[in-house]
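# What the coordinates show
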Amino acid sequence: PLTGQPFPQTSPGLYQIPSNRINANALTFLNAFAPLPNIPSNGFLNYINLNPEINNTRDDEIKVDHNFGSRLRLMAEYLDDDQDNENPSNPYISSPFNVSRGAVTTSNSLAQVQLTATITPSMVNTTSVNMDAYIPSLLARGLWLQSQLPDFHQTLPFHGFLSDRLPQVNFAGGWSSIGQATVIPSPNPANLVNTLSDDWSWVRGKHFLQAGMALQYGTSRQNTFSASNGQWFFSGQFTGNPIADYLLGDAASFSQASNVLRVYNHWKTVTPYVEDRWKVTRRLTLTGGLRYLFMTLPNIQKQFATNFVASLYN
């Protein structure tokens, strides 16, 4: 019980918070996110989630080869890979409950057009254009928006991108966190790499010469993980029990991130190389080569996506 404000004792060593002292917000939030025990005989760990984790994957590929004659060959291929992972709970806060869940979807595309020219019987040149698009999304499922819980009211000082999520509430003492994880959703963090390459090879006597270059242009877009929805922590410092502190609305700490960054990153690399494999004797082969890598500093564009509203701070 609180010092100077003891709770009524229902039996020796067992105290009960009067219903008129329970914080209405805390009760609404707890009832929404924490189902009743389904294995009460297991003591403290009295809930088990029996819902399955579901993974769906689909791959589609097409490839075309065409010869323009004996010395010129064109190859084109495309691969589309889609994956969907549905978690039965929210793994980002180690919660066993299926009320708020996490999902990961990825859409990957690979494409290549390659032209191979046989210049002479001993000399070949290959030119390729490649595209690699990787778009994973960390998504929220179930209960995660404040609009889905109209009886819960939270006034935050920061408003904007992803601040309309329900908060993440953490407890000491081994109790599971409840609410919405601060790291999701992370929508559409797209990554794109385009590559132009040329590779030349020549067999001359005992030498096998190779040379070429690859030029890459990359772009990535992603918002930073940010607790713009707010984090509460209940330690039990007021009553000796973190859940009792929570039901009274007495938090040990609260924090909220003041901004969310959506970063656009552009970069390029150039990698020329040369190599010689020399067959000195029937039993001895020497290989020597050089590759040079040049990468520009990323051109980063930042966008701030939340704002501080001083008049709303409470």
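The structure under discussion appears in the preceding block.
Here is a short report on the structure shown in this document. (Residues numbered from 1 in each chain as written. Predicted model: local features only at pLDDT ≥ 70, side-chain atom pairs only at ≥ 80, totals over all residues. Heavy atoms only, no water.)

## Here we look at a positive patch on the surface
Taken together, Lys 206, Lys 279, Arg 282 and Arg 283 make up a surface patch of like positive charges. As for its placement among the helices and strands, Arg 282 is situated in the loop between strand E14 (261-279) and strand E15 (285-291). You can call Arg 282 exposed: its relative accessible area is 70%. (Patch = residues over 30% accessible without salt bridge, like charges linked within 9 Å, V, L, I, M, F, W, Y side chains within 5 Å. Areas by Shrake-Rupley, 256 points an atom, 1.4 Å probe, with all protein chains shown as cover. Salt bridge = Lys/Arg side-chain N within 4 Å of Asp/Glu carboxyl O. Lys, Arg positive; Asp, Glu negative; His and termini not counted. Charge placed at Lys NZ, Arg CZ, Asp CG, Glu CD. Helix = DSSP H or I, 4+ residues; strand = E, 2+ residues; numbered from the N terminus. Buried < 20%, exposed > 50% of the residue type's maximum accessible area, 1.4 Å probe, protein only.)

## A look at a nonpolar patch on the surface
Side chains of Phe 44, Leu 45 and Trp 175 sit close together on the surface and give an oily, nonpolar patch of about 330 Å² of accessible area. Structurally, Trp 175 is set in the loop between strand E8 (168-171) and strand E9 (178-179).

## Description of the pairing of strand E3 (residues 54-67)
For E3, the tally of buried residues reaches only zero of 14 residues, placing the bulk of the element at the surface. Sheet analysis places E3 next to strand E4 (residues 72-86), joined by 14 bridges and oriented antiparallel. Across the sheet, His 66 pairs through a bridge with Leu 74, a residue of E4. What sits between E3 and E4 in their antiparallel hairpin is a turn of four residues, with Gly 69 showing a positive phi close to 145 degrees. (Pairing = 2+ DSSP bridges.)

## What to know about the side chain of Thr 271
Relative to the helices and strands, Thr 271 resides in strand E14. Here Thr 271 is in contact with Gly 212, Met 213, Ala 214, Arg 291, Tyr 292 and Leu 293, once residues within four sequence places are set aside. (Contact = heavy atoms within 4.5 Å.)

## Some remarks on the nonpolar core
Core analysis: the biggest nonpolar cluster contains 20 residues, and Phe 29, Leu 166, Val 169, Phe 171, Ile 178 and Tyr 246 have the highest contact counts within it. Elements represented by at least two residues in this core include exactly helix H1 (24-33), E8 and helix H2 (242-248). Of all the elements, H2 adds the most residues to this core, at five residues. Residues Ile 93, Ala 140, Trp 144 and Ala 181 belong to the second largest nonpolar core, which totals six residues. (Core = buried A, V, L, I, M, F, W, Y, C linked by side-chain atoms within 4.5 Å.)

## Let's talk about the packing of aromatic side chains
In this structure the tally under the stated criterion is nine aromatic pairs. Between the aromatic rings of Phe 29 and Phe 33, the centroid separation amounts to 4.7 Å while the plane-to-plane angle is 40 degrees, which identifies the pairing as tilted. Remark: Phe 33 and Phe 29 occur in helix H1; sequence separation between them is four residues, near one turn of the helix. Of the two residues, Phe 29 and Phe 33, neither departs from the other in class, the shared state being buried. Their ring planes at 70 degrees and their centres at 4.9 Å tell us that Phe 44 and Trp 175 sit as a pair that is edge-to-face. In this pair, Phe 44 is assigned in the loop between H1 and E3 and Trp 175 in the loop between E8 and E9, connecting sequence segments 131 residues apart. (Phe/Tyr/Trp six-rings, centres within 6.5 Å; stacked < 30°, edge-to-face > 60°.)

## Observations concerning the sheet that holds E8
Sheet architecture is open: four strands sit in the order E9-E8-E12-E13, paired in mixed fashion. Looking along the sheet, the strands with just one partner apiece sit at the ends: E9 and strand E13 (253-255). As paired elements, E8 and strand E12 (residues 231-234) share four bridges and run parallel to each other. Note that in E12 the partner of Val 169 across the bridge is Trp 232.

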